[in-house]
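Spelled out from the first residue to the last, the chains are:
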Amino acid sequence: MKFDSKTRLYGILGDPISHTLSPVMHNAAFAAVNYPGVYLAFEVKDLAGALTGAKALDLKGLSVTIPYKVKALDLVDKLDDTARRIGALNTIINRNGNLYGFNSDSPGAMAALAEKTTIKDKNVAIIGAGGAARALAYGVKSQGGSLSIYNRSLPKARQLASELDVSFFPLLEFGNKQCDILINTTSVGMTPNYDNMAVAPQTLNKNMVVMDIVYNPLKTALLKQADKIGCVIIDGVSMFVYQGALQFEMWTGIKAPVDIMRESVLNALK
Ligand code: ATR
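These figures come from a predicted structure and were not determined experimentally.

Rules of the game
Sequence positions are assigned chain by chain, starting from 1 and proceeding in written order. Under the rules for a predicted model, residues below a pLDDT of 70 receive no local features and side-chain atom pairs below 80 are neither given nor counted, while totals for whole chains, interfaces and linings still include all residues. Each side-chain value is derived from all of the structure's non-hydrogen atoms; neither hydrogens nor water enter the calculation. The nearness test applies per residue and asks whether one of its heavy atoms lies within 4 Å of the molecule or strand. Within 3.5 Å is the distance limit for a polar contact, defined as a pair of N or O atoms, with the added protein rule that one can donate a hydrogen and the other accept it, and that residues adjacent in sequence qualify only through two side-chain atoms. Note on areas: these come from Shrake-Rupley sampling with a 1.4 Å probe, and a residue is covered only by the protein chains present in the view. Site definitions follow a grid-based scheme: protein atoms alone, a 1 Å grid, a 1.4 Å probe that fits but cannot get out for cavities, and for pockets an open set with protein on both sides within 12 Å along at least five of seven lines, plus lining residues having an atom within 4 Å of a point. Just a note on the criterion: a molecule sits in a pocket or cavity if more than half of its atoms are within 2 Å of the grid points. The nonpolar class holds Ala, Val, Leu, Ile, Met, Phe, Trp, Tyr, Cys and Pro. Asp, Glu, Lys and Arg form the charged class, and all remaining residues, Gly among them, are polar. Grid points are joined across faces, edges and corners, and a volume is the space filled by probe spheres set on the points. Put simply, DSSP H or I for four residues or longer makes a helix, DSSP E for two residues or longer makes a strand, and each gets a number counted from the N terminus. Buried means the residue's accessible area, taken with a 1.4 Å probe over protein chains only, is under 20% of the maximum for its type, while exposed means over 50%, and partly exposed covers the values in between. For this analysis, residues touch if any pair of their heavy atoms sits within 4.5 Å.

(A) Expanded view of the site of the ligand. Of all residues adjacent to the ligand, which total 15 residues, the nearest are Ile66, Ala129, Ala132, Asn151 and Arg152. At 2.9 Å from an oxygen atom of the ligand is found a main-chain nitrogen or oxygen belonging to Ala129. One of the side-chain nitrogen or oxygen atoms of Arg152 is found 2.8 Å away from an oxygen atom of the ligand. Protein burial of the ligand: of its 640 Å² of free accessible surface, 78% is covered by the chains. Put simply, the ligand lies in the largest pocket. When its residues are assigned to classes, the shell around the ligand shows five nonpolar, seven polar and three charged.

Here is the structure:
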């Protein structure tokens, strides 16, 4: 890959950021279609400052991750309607110096779920109430799932549940009520804490579809346990690649090389 004065800079803003595979995935995609772009990871303590800097340096697009998906809403110039309704964004496009916020997590997650299950009339339990949970909850609700939110801190669960008019419970109550689809949206189980899981192993049963949005490791403790007892499992790479493919298409206007993106992520996880 050659870099010159025409090279377009993209990146991801988060903290911590060392676990991210977004640079691997997006640089593989740029190279595959010969797009003059480069994508870097930025560990950011000052989000407002980073966005002002991104504009000043004319970065063309950004991904936004933990812990900034909600905070970034107030810092972009324009917000897509769906991102506003979800209450979180993970994608920014710089259009002539104006930052536009979008959410590709929600359609990305729904595409990953659609590979293995349907949502309509299913009892769906979402663990977590942060930015990623908002994207999933919005998608599940839109597709007619019956949704329950479980979170460690109850006020955050209450807030999200009231926006969507769904039920909420303390995390420790997971398992008291039957569910068909369980989705972990918390960072519990992410490298280096790969032995941890957000729910107790005995709360799983073989009829559940279990999805984890953590993609590093590929098979989290939750997915290992679910697989062991015979559940259908959905790993975090599916959602990660689909949300990234949508970002790529919004930034470049070119159809995303999805298979190459997935392969680059799986290779990096080996
Ligand atoms: P993101 O934007 O990726 O969703 P976030 O907004 O910081 O990140 O949300 C993280 C979610 O993971 C929250 O629901 C958080 O629970 P709290 O609201 O109680 O903080 C959840 N989470 C993080 N670490 C957790 C842990 N060790 N146990 C249970 N839940 C955890």
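(B) Seen up close, empty space enclosed by the protein. For the structure shown, the criterion picks out one cavity of 30 Å³ or more. When its volume is computed, the largest cavity comes out at roughly 40 Å³. What lines the largest cavity is simply Asn123, Val124, Ala125, Ser146, Ser148, Tyr150, Lys177, Gln178 and Cys179. Where the lining of the largest cavity is concerned, the elements lending two or more residues are β7 (123–127) and β8 (146–151). Residue composition of the lining of the largest cavity, by class: four nonpolar, four polar and one charged.

(C) Quick look at helix α1 (residues 22–32). Of the positions making up α1, those classed as buried are Ser22, Pro23, Met25, His26, Ala28, Ala29 and Phe30. Lining the buried residues of α1 we find β1 (8–14), β2 (37–43), β3 (61–64), α8 (236–252) and α9 (258–269). Asn34 lies just past α1 and shows a positive phi near 60°.

(D) Here's a closer look at the layout of surface pockets. By volume, the largest pocket amounts to about 970 Å³. Contributing to the lining of the largest pocket are 42 residues, with Ile66, Ala132, Thr185, Thr186 and Ser187 lying nearest its centre. Contributing elements (two or more residues each) for the lining of the largest pocket: β3, α5 (131–142), α6 (154–164) and α8. Of all the elements, α8 adds the most residues to the lining of the largest pocket, at five residues. The residue makeup of the lining of the largest pocket, split by class, is 19 nonpolar, 18 polar and five charged.

Purely geometric numbers; function is a separate question.
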